[in-house]
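Secondary and tertiary structure notes
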Amino acid sequence: MRRVYFDNNATTPVLPEVFEVMRPYFAEHFGNASSIHHHGQETRAAVERSREAVADLLGCRASEVVFTSGGTEADNVAIFGLTRPGDHVITSTIEHHAVLNSCKRLQEMGCEVTFVPVDGRGLVDPDDVRRALRPDTRLITIMMANNETGVLQPVEEIGKIAAEADVYYHTDAVQAAGKVPVGTKRIGCDLLSISGHKLHAPQGVGALYVRKGTILQPLFYGGSHERSRRAGTENVAGIIGLGKAAEIAKQGLDSGGLAQMAEMRDRIQKTILSEVEASGVNGEGAPRVPNTTNIYFDYIEGEALVIALDLKGLAVSTGAACSSGAIEPSHVLTAMGLPPERARASIRFSLGKQNTPEEVDFALSLIPQTVARLRELSPVYNKTAVSH
Ligand SMILES: Cc1ncc(COP(=O)(O)O)c(C=O)c1O
């Protein structure tokens, strides 16, 4: 059966050229990067080359890159590494659970957290961030691109506000890296998280940019790996993969290679909106990463559409992968003001480097008829009530 994968915000396939450079690090190049003999030095050199490649993607120094086990760890190191009970932290209502639940834990530990809202397009207003500042504010953590809608937040303005107030700024750029330029200096952040598996490197590896001079309390205690910022023997093969994926992502951004992806995304949106009544784009009108669109199909259950499309070979999602199966509507879409039934009727399409225009044709040949079929079965769908 033919299978098309449009769920690249959940995870991306490892690119063949990424896998090729990783392969020797499972076998011949097995050394521990901390060993001083040949095997260790060989591995150390490769890890440091990867660090250079990641730094190049993030526009920072190699010494400012700390490898982690992924985006979740990077977010946790940033948030718990900087805050103490009694601190005040500012975040947004649409963060990934890696940030949202870390902030909830901070509250339990005696921090105060302000969750700034978003508007109907899913955008944080920088003035809300400014207004939330207090003398005891220690950290602002607001994401760069939302995983469900792809909406890009005004990170540079927030960076300026943080700098003026002399408050640390962390941004979760897990869904932005490789899709839009992520210049840490331009953003003006002190900390920035990325994850390998969202940019065609393997799952279980990520990185945190830590601006020179930023002192973080580590999460793990052990050896002095990663300049004592993250103890534990490195995931060498994963790090090598992340380095290669970062290099490919940088080339793609520099050569304008994402234009085709944006075209495919736009064609998905345009065709669905013209062929399916009572549908629309969540986050329309806001700047977005080029690979993501989140579309509502009123009068259906998103989960039912995901399952129906999967049976026909198309993999899409109702939003955050970790919340699928949950009955609760998306916290991101409800924060944007969508009524719960529209939030539950929303589907995320997210493209990757491996997707082709022909796969878009395949998807578009399935979606309108599948939605129509589900609506026929829907007791709340009254065709005459739908205005187009
Ligand atoms: C915005 C965002 N932050 C953090 C994460 C967590 O990254 P990881 O899966 O590498 O732990 C994800 C993954 O979905 C994400 O989309």
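Attention in this report is confined to the structure presented alongside it. None of the values given here were measured: they were computed from a predicted structure.

Some remarks on unusual backbone geometry
With a phi angle near 60 degrees, Asp 166 is a residue other than glycine that sits in the positive phi range. As for its position among the elements, Asp 166 is in the loop between helix H6 (155-165) and strand E6 (168-172).

Considering the pairing of strand E5 (residues 137-141)
Judged by how many residues are buried, E5 sits mostly within the fold: four of five residues are covered. Examined bridge by bridge, strand E3 (residues 88-92) and E5 share four bridges and lie parallel to one another. Following the sheet pairing, Thr 91 is matched in E5 by Thr 141. Of the strand pairs in this sheet, E5 and E6 are connected by three bridges, and their pairing is parallel. Among the inter-strand pairings, Thr 141 is bridged to a residue of E6, identified as His 170. Remark: the E5/H6/E6 crossover connection has right-handed handedness.

Some thoughts on the packing of helix H2 (residues 38-58) against helix H9 (residues 236-254)
Relative to each other, H2 and H9 sit at 30 degrees, their axes nearing to 8 Å. At the point where H2 passes H9, the crossing takes the left-handed sense. For the pair H2 and H9, contact is made by Thr 43, Ala 46, Val 47, Ser 50, Ala 53, Val 54, Asp 56 and Leu 57 and by Val 236, Ile 239, Ile 240, Leu 242, Gly 243, Ala 246, Ala 249, Lys 250 and Leu 253, respectively. Grouping the amino acids of the contact of H2 with H9 by side-chain chemistry returns 12 nonpolar, three polar and two charged.

What to know about the environment of His 331
With respect to the helices, strands and loops of the structure, His 331 is situated in helix H12 (residues 331-335). Expressed as a C-alpha distance, the spacing of His 331 and His 96, which sit 235 residues apart in the sequence, is 9.5 Å. When sequence neighbours within four positions are dropped, the list of residues in contact with His 331 reads Thr 93, Ile 94, Glu 95, His 97, Leu 100 and Glu 148. A distance of 2.8 Å separates a polar atom in the side chain of His 331 from the backbone oxygen of Glu 95.

Digging into the sheet that holds strand E12 (residues 346-350)
If you walk across this open sheet you meet the three strands as E9-E10-E12, and the pairing is antiparallel. Bordering the open sheet on either side are strand E9 (279-281) and E12, each of which pairs with just one other strand. If you compare each strand with its neighbour and ignore which way they point, the axes differ by 25 degrees on average. By the bridge criterion, five bridges tie strand E10 (residues 292-297) to E12 in an arrangement that is antiparallel. Looking across to E12, one finds that Thr 293 is bridged to Phe 349. Most of the contacts of helix H10 (residues 259-275) go to E10, to which it runs at about 10 degrees, and overall it touches E9, E10 and E12.

Some points on the side chain of Thr 68
Within the secondary structure, Thr 68 is located in strand E2 (residues 65-68). For Thr 68, a relative accessible area of 5% corresponds to the buried category. Within polar-contact distance, the side chain of Thr 68 engages the backbone oxygen of Gly 70 at 2.9 Å. Setting aside anything within four residues of it in sequence, one finds Thr 68 in contact with Glu 73, Ala 74, Gly 204, Val 205, Gly 206, Ala 207, Leu 208 and Arg 230.

Re the packing of aromatic side chains
For the structure shown, the criterion picks out one aromatic pair. Measuring from ring centre to ring centre gives 5.3 Å for Tyr 299 and Tyr 381, while their planes differ by 55 degrees; the resulting arrangement is tilted. Placement of Tyr 299 in the loop between E10 and helix H11 (302-311) and of Tyr 381 in the segment after helix H14 (357-376) is noted, with a sequence separation of 82 residues between them. The side chain of Arg 342 reaches across the aromatic face of Tyr 296, ending 3.7 Å from its centre.

Here we look at the pairing of E6
For a regular strand, side chains alternate in direction, first toward one face of the sheet and then toward the other. Of all five residues that make up E6, four are buried, and the element is covered over most of its length. Note: E6 against strand E7 (residues 191-195), three bridges, orientation parallel. Note that in E7 the partner of His 170 across the bridge is Leu 191.

Parameters and conventions
Residues numbered from 1 in each chain as written. Predicted model: local features only at pLDDT ≥ 70, side-chain atom pairs only at ≥ 80, totals over all residues. Heavy atoms only, no water. Helix = DSSP H or I, 4+ residues; strand = E, 2+ residues; numbered from the N terminus. Buried < 20%, exposed > 50% of the residue type's maximum accessible area, 1.4 Å probe, protein only. Pairing = 2+ DSSP bridges. Right-handed = clockwise from strand over helix to strand, strands pointing away. Axes fitted to C-alpha atoms, helices over the stretch in contact; angles between N-to-C directions. Left-handed = near helix turned anticlockwise from the far one by under 90°. Contact = heavy atoms within 4.5 Å. Nonpolar A, V, L, I, M, F, W, Y, C, P; charged D, E, K, R; others polar. Polar contact = N/O pair within 3.5 Å; in protein donor to acceptor, adjacent residues only side chain to side chain. Phe/Tyr/Trp six-rings, centres within 6.5 Å; stacked < 30°, edge-to-face > 60°. Lys NZ or Arg CZ within 6 Å of the ring centre and 35° of its normal.

Function cannot be read off these values alone, since they describe shape.
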